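Chain and residue survey
The lines below spell out each chain.
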Amino acid sequence: ADCRYTCHQECRSLIQLDCRRPDQCQSQLSPESTLLPPRSQNVTQTVEEEKPEPPTVQEIKQKIEKYNAKVTNCLLMKLNDDGTYTGFIKVHLKLRRPVTVPAGIRPQSIYDALKEVNLADMTDKRTSFYLPLDAIKQLHISSTTTVSEVIQGLLKKFMVVDNPQKFALFKEMRKDGQVLFQKLPLTEYPLYLRLLAGPDTDVLSFVLKENETGEVEWDAFSIPELQNFLMILDKEEKDKIQQVQRKYEKFKQRLQQTLKEARGKPG
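Once a new chain begins, its residue numbering starts again from 1 and follows that chain's sequence as written. Since the coordinates come from a predicted model, pLDDT governs what is reported: local features require at least 70, and pairs of side-chain atoms require 80 or more to be given and counted, while whole-chain, interface and lining totals use all residues. Excluded from the side-chain calculation are hydrogens and water; included are all heavy atoms of the structure.

1. Focus on the overall build of the protein
- Within the protein one finds 7 helices and 10 strands.
- The burial tally for the protein puts 25% of its 267 residues in the buried class. Helix and strand definitions follow DSSP, with helices as H or I runs of at least four residues and strands as E runs of at least two, each counted in order from the N terminus. Burial classification: accessible surface area is computed with a 1.4 Å probe over protein chains only, and a residue below 20% of its type maximum counts as buried, one above 50% as exposed, and the rest as partly exposed.

Right, dumping it as C-alpha cells:
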C-alpha cells in the first residue's frame, strides 16, 4: 500500500518486505500492482512438480560406493552416521582482476590453520596482486557446504580481503567439444554436484571467477575502486572515439583525393 511493490502473482507468497504496515500491504495489494504470469496461473505448481525429491540415505550410500569405485587418487568420499558425507573438490582460479591482500604478512602455517588464526586482522595495510591464472586449490568439504561457504573458504586460504560478493563459483562442463560455464547459486551444494558427476574433472569441474558484468554487486566495491572503474571506462570511451574519428578522417581524405583527381574528366 505504501511502497507500491510490484511482483508476479505466483511470487506473492515469496515476497518479504520490511513494511511499516505489513497488514495493510497484504490486504490492499491491488490487481494493478501484481503482474500476471506470461502463460498460466499454474506456473508455480509446475515448477514444484518438476523439482526432484532429495535422495535417501540409501541412495546416497549407493552413489558414494559407485563414486569411490572410480576414484584413482585416494580422494574418497565418506558417509557419516547422520547421513551427511564429506569429500574433495578442486577449484580452478581464473581471476583476471587483482585481489586485495594484507601487506607484509607471513604465509599461514599449519598452526595458524588449526587455531583458526586470521592473519588478515593483524594489519590494516593492504596491497593488490594477481593470483596465478588457472591455479588449482583442493578443498575438503561436507555435503552441507554451500557455494557461498566455498567462496569464503577460498578467499580465506589466500588471505584475500575483498568482499566475497565480487566473486562467483561456476561449474565447467564439456559437451560436444564445447566448454560450457554455468554460474552456481550461493545455496547450491558443490559436493553433491561432484557426487552426481563422478570424480572425472573432464565431465565437471569448478571455477572461481569474477562476477559477470551484468550481475556485479556494485555495493561490494569501495569508493576508490568504483572511481578507478569510471576512469578506465572514460579512457576506453575516449580511445574508441579517437579510433572512429581516425577511421572516417582517412575515408574523408581518400574521398577528397578521388574527387580532386576526377575533376575535369568526363563522367
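From this point on, the discussion continues.
2. Thoughts on the packing of aromatic side chains
- Stacked, tilted and edge-to-face pairs are distinguished by plane angle, under 30 degrees for stacked and over 60 for edge-to-face with tilted covering the rest, among Phe, Tyr and Trp rings (Trp via its six-membered ring) whose centres lie within 6.5 Å. Taken as a whole, this structure holds 0 aromatic pairs when the rule is applied.
- Above the ring of Phe-158, the side-chain terminus of Lys-137 is found at 5.8 Å from the ring centroid.
- For a Lys NZ or an Arg CZ to count as sitting over a ring, it must be within 6 Å of the ring centre and within 35 degrees of the ring normal. Positioned above the aromatic ring of Phe-170 is the side chain of Lys-209, whose terminal nitrogen or guanidinium carbon lies 5.0 Å from the ring centre.

3. A few points about the pattern of salt bridges
- Put simply, a salt bridge is a Lys or Arg side-chain nitrogen that is within 4 Å of an Asp or Glu carboxyl oxygen. Under the counting rule described, the total for this entry stands at 5 salt bridges.
- Residue Asp-234 pairs with Lys-238 through a salt bridge whose shortest N-O separation is 3.4 Å. Separated by 4 residues within a single helix, Asp-234 and Lys-238 lie in helix α7 (residues 223-262), roughly one turn from each other.
- Judged by its relative accessible area of 48%, Lys-238 is partly exposed.
- A salt bridge links Lys-235 to Asp-239; its shortest N-O distance comes to 3.1 Å. Pair noted here: Lys-235 and Asp-239 are both in helix α7, with a separation of 4 residues, about one helical turn.
- The exposed category is assigned to Lys-235, whose relative accessible area is 53%.

4. What about the confidence of the model for the protein?
- Per-residue confidence from the predictor is reported as pLDDT, a score between 0 and 100. Averaged over all residues, the pLDDT of the protein equals 77, while 69% of them reach at least 70.
- Counted against residues more than four places away or in other chains, residues 26-49, with its pLDDT under 50, gives 25 contacts.
- In this analysis, two residues are considered to be in contact whenever any of their non-hydrogen atoms come within 4.5 Å of each other. Long-range and interchain partners of residues 109-114, a stretch whose pLDDT sits below 50, account for 5 contacts in this model, where long-range means more than four residues apart.

5. Section: the nonpolar core
- Residue types Ala, Val, Leu, Ile, Met, Phe, Trp, Tyr and Cys, when buried and joined through side-chain atoms within 4.5 Å, form a set referred to as a nonpolar core. Core analysis: the biggest nonpolar cluster contains 30 residues, and Ile-89, Val-91, Phe-167, Leu-169, Phe-206 and Leu-208 have the highest contact counts within it.
- Within the residue set of this core, elements represented by two or more residues are α3 (57-70), β4 (85-93), β5 (99-102), β7 (135-142), α5 (147-157), β8 (167-175), α6 (190-197) and β10 (204-210).
- Looking at this core element by element, the count peaks at 5 residues for α5.
- Contacts of Leu-169, omitting those with residues within four sequence positions, involve Val-91, Val-147, Val-150, Ile-151, Gln-182, Lys-183, Leu-184, Pro-190, Phe-206, Val-207 and Leu-208.

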